[in-house]
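# Overview (structure and organization)
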Amino acid sequence: MDSRPSLWSACARLVVLFLLLRGFLCSTDARAGVDILWPAQAPEWGLLLGPGAQRKPEEYRILAQRIQDESPVPLAVGIASFTANWPEPFQMVSALKSFKSQVSERAAEPLAGQRFLVAGHSMAGIIIQELPAHQSIGGVILLGAYPSNDVLRLGQGLRKAGIPTLVVAGEWDGLTRITRVLDTVLECEGLSPGDPNEKRCAKQRVVILPGVNHSDFANGVLQAGDLEGEVDLETAHTEIAKAIAGYWSDVLLDVPGNFNAMHGSHPWKNWVADTQVWAHAWSEAIAMDERACLEAQRKLLPRSTSVRWDVMVRTIESVPGFMLAKPSIEKVSDDHFRVTAIQSQDRPFNPLDLSLQSRAFTRLSCKLKSEEALRAAAQQDVQPRSTISTCGTLNQEIYNDVVSRISLELKHRLHRRGLELIFGEDLPLGDGLRWATRKPERRVELTERRVVVRLPRLQTPANAALQLDGLHYCQFVPPTQLAEWVFFDAFKLLAPAQ
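Throughout what follows, the structure given in this document is the object of discussion. All of these numbers come straight from a predicted model, not from anything done at the bench. (Residues numbered from 1 in each chain as written. Predicted model: local features only at pLDDT ≥ 70, side-chain atom pairs only at ≥ 80, totals over all residues. Heavy atoms only, no water.)

### Thoughts on the sheet that holds strand β12 (residues 420–423)
Across the sheet, which stays open at both edges, the three strands sit in the order β12-β15-β14 with mixed pairing between neighbours. Edge positions in the sheet fall to β12 and β14 (441–445), since each has one partner strand and no second. Going across the sheet, the axis of each strand differs from the next one's by a mean of 20°, ignoring polarity. Summarising the sheet, β12 and strand β15 (residues 450–454) pair through four bridges and their orientation is parallel. Bridging from a neighbouring strand, Leu421 pairs with Val451 of β15. (Pairing = 2+ DSSP bridges. Helix = DSSP H or I, 4+ residues; strand = E, 2+ residues; numbered from the N terminus. Axes fitted to C-alpha atoms, helices over the stretch in contact; angles between N-to-C directions.)

Encoded structure:
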C-alpha cells in the first residue's frame, strides 16, 4: 500500500520536468544525430540504440554490429547521439523520427511503426519508456535497465502501450541491481485474467546474462561503481546480441524452430529459465520480510509438548506509538497462551526511485517477549533453548534461512566472489530511547573476506516493574536486505576503486 502524499509526487514531477526543459532550452539544437549500420540487403526492421548517460555513441558501434550480425532479419541498427552525451526525451523522439525516415527510404516496401524497436542502455533505458506514448514502435529493449513504475511514472508510456519488452541485465552489473530486474519477472507471474499488465507481460522476457557487467553494454571500459565482469568483451557482446536475436525470433517473429535450425545451439531459453530461478529465490525473501518478527518471537518460545503458543505481531508505524507499545503474554487457558510482539518498519522515501514496488524497509525493530518471561508465564516444565537467543543469533538464523532458499549456483557465486556476512555480539543498551535510535554497527574485514554486523539489544529481567518485565528488544536486518547481500552487496565492497 502506497501512503506517499500526492504533494510529494507533484513536486517531484515538477523538478524532473524543470530539469528536462532546462536541458532542452539550453541546447542549441534539440535534434539528435543518428549513425546507422546498414544490412547487406534492404532493411526489413530497424533498431535504434540510445547510449547511456555520459557514454559516447562510438562506444556502442561494435555491439551494434554484433546485434546486426546475429539478427534473424535484415536489420538496420542506428545509434543515437545526444547533446553533451546526456539522453533526454526530446532528442530521443527526434532521433527516432529521423531513423524511421532513413530506414524506410532504403526498405523494399513501406515499413510500419511496428517494424521499429528502440533499445536503451542504463539511463537511456529509462528515457525510452515514454516513447511508446508519442511514437508508434514495435517493442523496447532495456539494457542494464528495467521497466519503471516510480512516483514520477516515467515508465507509464511503456506500460500503457503493452508492446513487447525485452529486459537484458548483466550478472555482474554494479550499477543496476539484479533484484530490481527480478522484480520485473515477479510482477508478471500469476496475473489474473483481465489484469492491466496481462498484454504487456505476455510478450515480456527477462534475461540475466552470466559474466556480463554494466560496462559491457558499451565498450567494456569499466565505469565507476561497476563490478568486474567474468567474460571478455567479445563474449559479452555475443551474449547480448544472441539474447536480442533469440527474443526477436521467439517473440517478435514466433519462429523459434527456424531460428534454431539456422543458428544451431542457442542459450536463449536457458537464460530465461535461469533468470526465473533467481527471481523465485528473491520472491521467497520478499515473503519472509513481513514474517521476520513473527519468526523471531517463535524462536524464543520454550520447548514443550503440553503448552500451546499463539504468536501475533502488531505493526506500529508512528515513532511515539512504537515507543509506548509493549509486547504481551495473554493466558487463554492453563496450557494455552497468546503472545503479541510489536514491530516497526523504517521505509525509505525517494521520489526519484525507479522501483516497480516500494522498497522494503531498511530497518526492522522488534519488541519481543523474552524466553525467560515465556517460561515464567507457562509455569510448567518447559525446556529452554539449547543456544542463547541474542539478537545476533536470531539474525544469523534468519540469514541462514534466506541462504538456504537460494540455488546452488547463487551459493557458489557468493562463496567464490563475495564477502561472508557474520552477526557478532549484540550492542546491549539500558533504555528504550537509545535502543530505538541506535544504528547497527558494521565492520568490514577485507583480509578475512567478511563483514561483521552488531545489532542493538535491550533486555529486561522477568521481574522488572512498570510492565517492563521480560522484554527482548532487537533490531533486525530485513530478509530482503539479507537477500540483497547475496545477490549484490556482498560483491560491492570488493569492486575496484575508480
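Still more ground to cover, so stick around.
### Remarks on the state of the cysteines
In total, this model carries three disulfides according to the counting rule given. Cys391 shares a disulfide with Cys474; S-S distance 1.9 Å. An S-S torsion of about -90° defines the bridge between Cys391 and Cys474 as left-handed. With a gap of 83 residues between them, Cys391 in helix α14 (residues 391–404) and Cys474 in strand β17 (residues 471–476) connect regions that are remote in the sequence. Cys474 sits in the buried class, given a relative accessible area of 0%. (Disulfide = S-S within 2.5 Å. Buried < 20%, exposed > 50% of the residue type's maximum accessible area, 1.4 Å probe, protein only.)

### So, the packing of helix α2 (residues 61–70) against helix α8 (residues 233–253)
Relative placement of two packed helices is described by the angle separating their axes and the distance separating the axes. Close contact between α2 and α8 brings their axes to 8 Å; oriented N to C, the two are set at 45°. With respect to each other, α2 and α8 are oriented oblique. Here the hand of the crossing between α2 and α8 comes out right-handed. Together, Ile62, Leu63, Arg66, Ile67 and Glu70 of α2 and His237, Thr238, Ile240, Ala241, Lys242, Ile244 and Ala245 of α8 make up the contact between the two elements. Residues that form the contact of α2 with α8 fall into these classes: seven nonpolar, two polar and three charged. (Parallel < 35°, antiparallel > 145°, perpendicular 65-115°, else oblique. Left-handed = near helix turned anticlockwise from the far one by under 90°. Contact = heavy atoms within 4.5 Å. Nonpolar A, V, L, I, M, F, W, Y, C, P; charged D, E, K, R; others polar.)

### A short note on the side chain of Glu445
Along the chain, Glu445 falls in strand β14. Apart from residues lying up to four places away in sequence, Glu445 is in contact with Arg450 and Val452.

### Let's talk about helix α13 (residues 371–378)
Restricting attention to buried positions, one finds in α13 the residues Glu371, Ala373, Leu374 and Ala378. Each buried residue of α13 sits inside an arc of 160° when the element is viewed along its axis, so together they form one side. Elements that come into contact with the buried residues of α13 comprise α11 (292–299), β8 (308–315), β9 (328–333), β10 (336–346) and β11 (363–369). Positive phi appears at Gln379, one or two residues downstream of α13, with a value of about 50°. (Arc of directions from axis to C-beta.)

### Side note on the nonpolar core
Ranked by internal contacts, the top residues of the largest apolar core, which has 84 residues, are Tyr399 and Phe487. A total of eight residues in this core trace back to one element, the largest contributor, which is helix α17 (residues 479–492). Among residues more than four places away in sequence, those in contact with Phe487 are Ile178, Thr179, Leu182, Trp278, Ala281, Trp282, Leu410 and Arg413. Counting residues in each nonpolar core, the second largest holds 35 residues, with Trp45, Val168, Val207 and Val212 among its members. (Core = buried A, V, L, I, M, F, W, Y, C linked by side-chain atoms within 4.5 Å.)

### A closer look at unusual backbone geometry
Residues other than glycine seldom take positive phi values, yet Ala84 does so here, at roughly 60°. For Ala84, the location among the structural elements is in the loop between β3 (75–81) and α3 (89–106).

### Some thoughts on the environment of Ala107
Secondary-structure assignment places Ala107 in the loop between α3 and β4 (116–121). A relative accessible area of 14% places Ala107 in the buried class. Put simply, Ala107 and Ala42 are 65 residues apart on the chain and 5.1 Å apart in space, counted from C-alpha to C-alpha. When sequence neighbours within four positions are dropped, the list of residues in contact with Ala107 reads Ala42 and Pro43.

### Quick look at the pairing of β17
Taking burial as the measure, the six residues of β17 include six buried ones, the bulk of the element. Neither face of β17 is exposed, since Leu471, Tyr473 and Gln475 on one face and His472, Cys474 and Phe476 on the opposite face are all buried. Here β11 runs beside β17; their pairing, made up of six bridges, is antiparallel. Following the sheet pairing, Lys367 is matched in β17 by Tyr473. Bridge count for strand β16 (residues 456–459) against β17 is three bridges, and the pairing is antiparallel. Its bridge partner being in β17, Arg457 is matched across the sheet by Cys474.

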